[in-house]
Amino acid sequence: MYKEDEIEDSLEFCRQIQFYQDAEKKQKTASLEYPETFCRDEKMDNHNRYVGKHTLDELSNEPIQKNESAKDSAVIRFVNNLLVLGVCILLAYLLASFVTHYIAHETKVEGESMEPSLTDGDSIIIQKVSYYLGEPERFDVVVFPVQQENTDSKTKNYYVKRVIGLPNETVQILDGKVYIDGKELKGDTYCLSDILDAGNAANPITLGNDEYFVLGDNRNRSTDSRSDYVGTIHRKDIVGEVLMCIWPLSHIGLIPQ
């Protein structure tokens, strides 16, 4: 027969086994109910804890990655804007160069040789398109270069004058009037006084196939085709036609022809 104290020890041992078995069942049940968030301490990595499906390191790095991505996007946008601006400036420069070289450009009048049509300081627009399609006509106001010889270098001054004689015509100035092929020029309303100095045109000047005879409207204060310095103008030297005056405000308008 067992002693009473031996029976009591056996019962105590069974109760302890039952206690540990119940605790293990509860732990397994909890792991099944929360599979993503439950983990055992002994398997935890101090630098890599699982929270749901993400790690703490991943969560802590997300704001840094977003900031770096935002900075990269800002830099890309800035570079793109610079490139677009550069392209726009280049296109504007090319367009302006094309317009001023082949279509029209602005310049300023110097001197009083074209008064009263144009005065000193007037800003004018010179157009070139019409002479691509046709030839200069009588009374057109044209611009052309005149070679100026200095001791150091050769420079070009651009003159503004009115076309009086056309190719193959004979021009002469007699008694203060202009004659074309022996007949007085009619319609020359731009000269307000008789011509005092006929210059080379005192004798008949016969123009070549591409030559033009030009005069300033202020005939007695103009250096033009009457002088050896300017002479007759070749077609290839005519830059364009003066279209209008754009400054000052009191002179704005088309050039009378």
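As a reminder, the structure under discussion sits directly above these lines.
Residues numbered from 1 in each chain as written. Predicted model: local features only at pLDDT ≥ 70, side-chain atom pairs only at ≥ 80, totals over all residues. Heavy atoms only, no water.

**Student:** Even after reading the chapter, I still don't get a nonpolar patch on the surface, so can you show me in this structure?
**Tutor:** A cluster of nonpolar side chains, contributed by Leu95, Phe98, Val99, Tyr102, Ile103, Val129, Tyr132 and Leu133, occupies part of the molecular surface with about 790 Å² of accessible area. Among the elements of the structure, α2 (56-102) and α3 (130-133) are those that each provide at least two residues to the nonpolar patch. The dominant element in the nonpolar patch, judged by the number of residues it contributes, is α2, at 4 residues. Among the structural elements, valine 129 can be located in the loop between β4 (123-127) and α3. (Patch = residues over 30% accessible without salt bridge, like charges linked within 9 Å, V, L, I, M, F, W, Y side chains within 5 Å. Areas by Shrake-Rupley, 256 points an atom, 1.4 Å probe, with all protein chains shown as cover. Salt bridge = Lys/Arg side-chain N within 4 Å of Asp/Glu carboxyl O. Helix = DSSP H or I, 4+ residues; strand = E, 2+ residues; numbered from the N terminus.)

**Student:** When you look at the sheet that holds strand β9 (residues 183-184) in this model, what are you seeing that I'm missing?
**Tutor:** Pairing is antiparallel across the open sheet formed by 4 strands, whose spatial order is β9-β8-β7-β10. Every other strand in the sheet has two partners, leaving β9 and β10 (205-206) as the edge strands with one partner each. Inspection of the sheet shows strand β8 (residues 177-180) paired to β9 by 2 bridges, in the antiparallel sense. Residue isoleucine 180 lies in a different strand from β9, and its bridge partner there is lysine 183. (Pairing = 2+ DSSP bridges.)

**Student:** It is not clear to me how the packing of aromatic side chains should be interpreted in this structure. Could you clarify?
**Tutor:** For any pair of aromatic rings, geometry is given as the distance between the ring centres together with the angle between the planes. If you walk through the whole model with that rule in mind, you get 4 aromatic pairs. Measuring from ring centre to ring centre gives 5.4 Å for phenylalanine 139 and tyrosine 190, while their planes differ by 55°; the resulting arrangement is tilted. Residue phenylalanine 139 is located in the loop between α3 and β5 (141-149), and its partner tyrosine 190 is located in the loop between β9 and β10; the two are separated by 51 residues in the primary sequence. Taking the centre distance of 6.4 Å and the plane angle of 50° together, the rings of tyrosine 159 and tyrosine 229 count as tilted. Residue tyrosine 159 is found in strand β6 (residues 154-165), and its partner tyrosine 229 is found in the loop between β11 (211-215) and β12 (233-234); the two are separated by 70 residues along the sequence. Relative accessible area serves as the criterion here: at 17%, tyrosine 159 is assigned to the buried category. The exposure class of tyrosine 229 is partly exposed, given its relative accessible area of 39%. One aromatic cluster is present, built from ring pairs that chain together Phe144, Tyr159 and Tyr229. Geometry around tyrosine 190 places arginine 162 over its ring, the cationic atom sitting 3.7 Å from the centre. (Phe/Tyr/Trp six-rings, centres within 6.5 Å; stacked < 30°, edge-to-face > 60°. Buried < 20%, exposed > 50% of the residue type's maximum accessible area, 1.4 Å probe, protein only. Lys NZ or Arg CZ within 6 Å of the ring centre and 35° of its normal.)

**Student:** Explain the pairing of β8 to me, please; I cannot follow it from the model alone.
**Tutor:** Working note: regular strand, side chains alternate between the two faces of the sheet. What you see with β8 is a clean split: Val178 and Ile180 sit on the buried side and Lys177 and Tyr179 on the side with no burial. One ladder, built from 4 bridges, connects strand β7 (residues 170-174) with β8; its direction is antiparallel. Bridge pairing in β8 places valine 171 opposite isoleucine 180. Taking the residues that link successive antiparallel strands as the turn, the β7-β8 hairpin has 2 residues, and the phi of aspartate 175 there is positive, at about 55°. Turn length for the β8-β9 hairpin, with the two strands adjacent in sequence and antiparallel, is 2 residues, and the turn residue aspartate 181 shows positive phi of about 55°.

**Student:** Whenever I open this one, unusual backbone geometry confuses me. Can you help?
**Tutor:** Trans is the prevailing form of peptide bonds, just as negative phi is the prevailing case for residues other than glycine. A cis geometry characterises the amide bond from glutamate 115 onward to proline 116, with omega recorded as 5°. Along the chain, proline 116 turns up in the loop between β3 (104-108) and β4. Proline 248 follows tryptophan 247 through a cis peptide bond whose omega is 5°. In the Ramachandran plot, phenylalanine 139 falls in the positive-phi region, its phi being about 80° despite a non-glycine side chain. We classify phenylalanine 139 as buried; its relative accessible area is 13%. In this structure, aspartate 181 takes a positive phi of about 55° despite not being glycine. Tracing the backbone shows aspartate 181 in the loop between β8 and β9. What makes aspartate 181 partly exposed here is its relative accessible area of 46%.

**Student:** How do you make sense of the pattern of salt bridges when you look at a structure like this?
**Tutor:** Any two side chains of opposite charge can pair, so long as their charged atoms come close to each other. Applying the stated criterion across every chain, the model contains 9 salt bridges. Of the charged contacts, one joins arginine 235 and glutamate 135 as a salt bridge, the two residues approaching to 2.6 Å between their closest N and O atoms. A residue pair is termed long-range when its members are at least 10 positions apart, and arginine 235 in the loop between β12 and β13 (240-247) and glutamate 135 in the loop between α3 and β5 qualify at 100 residues. On the basis of relative accessible area, arginine 235 is assigned to the buried category, the value being 18%. The residue lysine 186 makes a salt bridge to glutamate 184 at a minimum N-O spacing of 3.9 Å. Residue lysine 186 is classed as exposed on the basis of its relative accessible area, which comes to 63%.

**Student:** What is the right way to look at the side chain of serine 225 in this model?
**Tutor:** Relative to the elements of secondary structure, serine 225 occurs in the loop between β11 and β12. We classify serine 225 as buried; its relative accessible area is 2%. Looking at serine 225, its side chain comes within polar contact range of the main-chain oxygen of glycine 231, at 2.8 Å. Those residues in contact with serine 225 that lie beyond four places of it in its chain are Tyr212, Phe213, Val214, Val230, Gly231, Thr232 and Ile233. (Polar contact = N/O pair within 3.5 Å; in protein donor to acceptor, adjacent residues only side chain to side chain. Contact = heavy atoms within 4.5 Å.)

These results come straight from atomic positions and should not be treated as a statement about function.
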